[in-house]
Amino acid sequence: MTSAASRDTAADPIDELIIDVFNRACPSRQAMETVADKWGTLALVALTEGAYRFNALRRRVDGVSEKMLARTLQALERDGLVTRDVQATIPPRVEYTLTAPGTRIAAALRALLDALEAEIPAIMTAREDYDQRH
């Protein structure tokens, strides 16, 4: 067997990876930290509306600081959920869009946000009841 053939038949560490978010060593935990973070969730869901330039996305995700949005987008790009497209214009134009995995995850997050928004009246009532008891 040639060395190339032996490399092809050798087990790829990623193929042997057991993905389990409940396992503290699973890489999905780190991705979950970015995606499930308030700013990560809002950025991903906002990008379902289409490509955004940085400042437009910052306006859409009301309350996020420039530094936090930059950090969040960098982490989402590193995880392959967002692409950063730099267009060679003066000044350079940078747009952010979702990748295919980012689109799938953002759709699930959109469903979560829709469910959350639908339950806000019940949540507000529960908070008032809780606050009166404590």
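Residues numbered from 1 in each chain as written. Predicted model: local features only at pLDDT ≥ 70, side-chain atom pairs only at ≥ 80, totals over all residues. Heavy atoms only, no water.

Novice: Honestly, the packing of helix H7 (residues 100-118) against helix H8 (residues 120-133) in this entry has me stumped. Any pointers?
Specialist: How two helices sit against one another is set out by the angle between their axes and by the gap between those axes. Remark: H7 packs on H8, axes separated minimally by 5 Å, with the N-to-C direction vectors making an angle of 55 degrees. Comparing their axes, H8 and H7 come out oblique. On H8, the residues that touch Leu116, Glu117 and Ala118 of H7 are Ile120, Pro121 and Ile123. (Axes fitted to C-alpha atoms, helices over the stretch in contact; angles between N-to-C directions. Helix = DSSP H or I, 4+ residues; strand = E, 2+ residues; numbered from the N terminus. Parallel < 35°, antiparallel > 145°, perpendicular 65-115°, else oblique. Contact = heavy atoms within 4.5 Å.)

Novice: Before we go on, may I ask you to explain the pairing of strand S2 (residues 82-87) in this structure?
Specialist: Every other side chain in a regular strand lies on the same face of the sheet, so the side chains alternate between the two faces. Two strands pair when backbone bridges link them, and S2 and strand S3 (residues 93-98) are joined in this way by six bridges, in the antiparallel orientation. Paired with Asp85 across the two strands is Glu95, which belongs to S3. (Pairing = 2+ DSSP bridges.)

Novice: Is there a simple way to think about the side chain of Thr34 in this case?
Specialist: Mapping Thr34 onto the fold places it in helix H3 (residues 28-36). Judged by its relative accessible area of 16%, Thr34 is buried. Once you skip the residues sitting within four places of it in the chain, Thr34 turns out to touch Gly40, Thr41, Thr72, Ala75, Leu76 and Asp79. (Buried < 20%, exposed > 50% of the residue type's maximum accessible area, 1.4 Å probe, protein only.)

Novice: What is the right way to read the sheet that holds strand S1 (residues 52-53) from this model?
Specialist: Paired through backbone hydrogen bonds, the strands of a sheet run either parallel or antiparallel to each other. Pairing is antiparallel in the open sheet, where three strands are placed in the order S1-S3-S2. In this open sheet, the two strands that pair with only one neighbour each are S1 and S2. Relative to S3, S1 runs antiparallel, the two being bridged by two bridges. Pairing of Tyr52 across the sheet is with Tyr96, part of S3. On top of the sheet, helix H4 (residues 38-47) reaches S1, S2 and S3; it is set at about 95 degrees to S3, its chief contact.

Novice: Help me understand the nonpolar core in this model?
Specialist: Where a protein is soluble and globular, its nonpolar side chains tend to be buried together. Of all hydrophobic cores here, the largest spans 23 residues; its most connected members are Leu44, Leu57 and Val82. Top contributing element to this core by residue count: H4, with six residues. Once you skip the residues sitting within four places of it in the chain, Leu44 turns out to touch Val35, Leu76, Leu81, Val82, Leu98, Ile105, Ala106 and Leu109. (Core = buried A, V, L, I, M, F, W, Y, C linked by side-chain atoms within 4.5 Å.)

Novice: Whenever I open this one, the pattern of salt bridges confuses me. Can you help?
Specialist: Within this structure, the stated rule accounts for five salt bridges. In this structure, Glu66 and Arg58 form a salt bridge, with 3.5 Å as the shortest nitrogen-oxygen distance. On the accessibility criterion, Arg58 (30% relative accessible area) is partly exposed. What you see here is one network of salt bridges that share partners, running through Arg110, Asp114 and Glu117. (Salt bridge = Lys/Arg side-chain N within 4 Å of Asp/Glu carboxyl O.)

Novice: Please clarify how a nonpolar patch on the surface should be interpreted in this entry.
Specialist: Among the surface-exposed residues, Leu116, Ile120 and Met124 lie close enough to one another that they form a single nonpolar patch of about 240 Å² accessible area. By the secondary structure assignment, Leu116 is in helix H7. (Patch = residues over 30% accessible without salt bridge, like charges linked within 9 Å, V, L, I, M, F, W, Y side chains within 5 Å. Areas by Shrake-Rupley, 256 points an atom, 1.4 Å probe, with all protein chains shown as cover.)

Novice: Can you walk me through unusual backbone geometry in this structure?
Specialist: Backbone geometry follows two general trends: most residues other than glycine have a negative phi, and most peptide bonds adopt the trans configuration. Ile90 connects to Pro91 through a cis peptide bond whose omega is -5 degrees. Summarising the element assignment, Pro91 is placed in the loop between S2 and S3.

Novice: Is there a simple way to think about the packing of H4 against helix H6 (residues 66-78) in this case?
Specialist: Contact geometry for H4 and H6: axes closest at 10 Å, N-to-C directions at 70 degrees. By the angle between their axes, H4 is roughly perpendicular relative to H6. Here Trp39, Gly40, Ala43 and Leu44 of H4 lie close against H6, whose contacting residues are Met68, Leu69, Thr72 and Leu76. Residue composition of the contact of H4 with H6, grouped by class: six nonpolar, two polar and no charged. (Nonpolar A, V, L, I, M, F, W, Y, C, P; charged D, E, K, R; others polar.)

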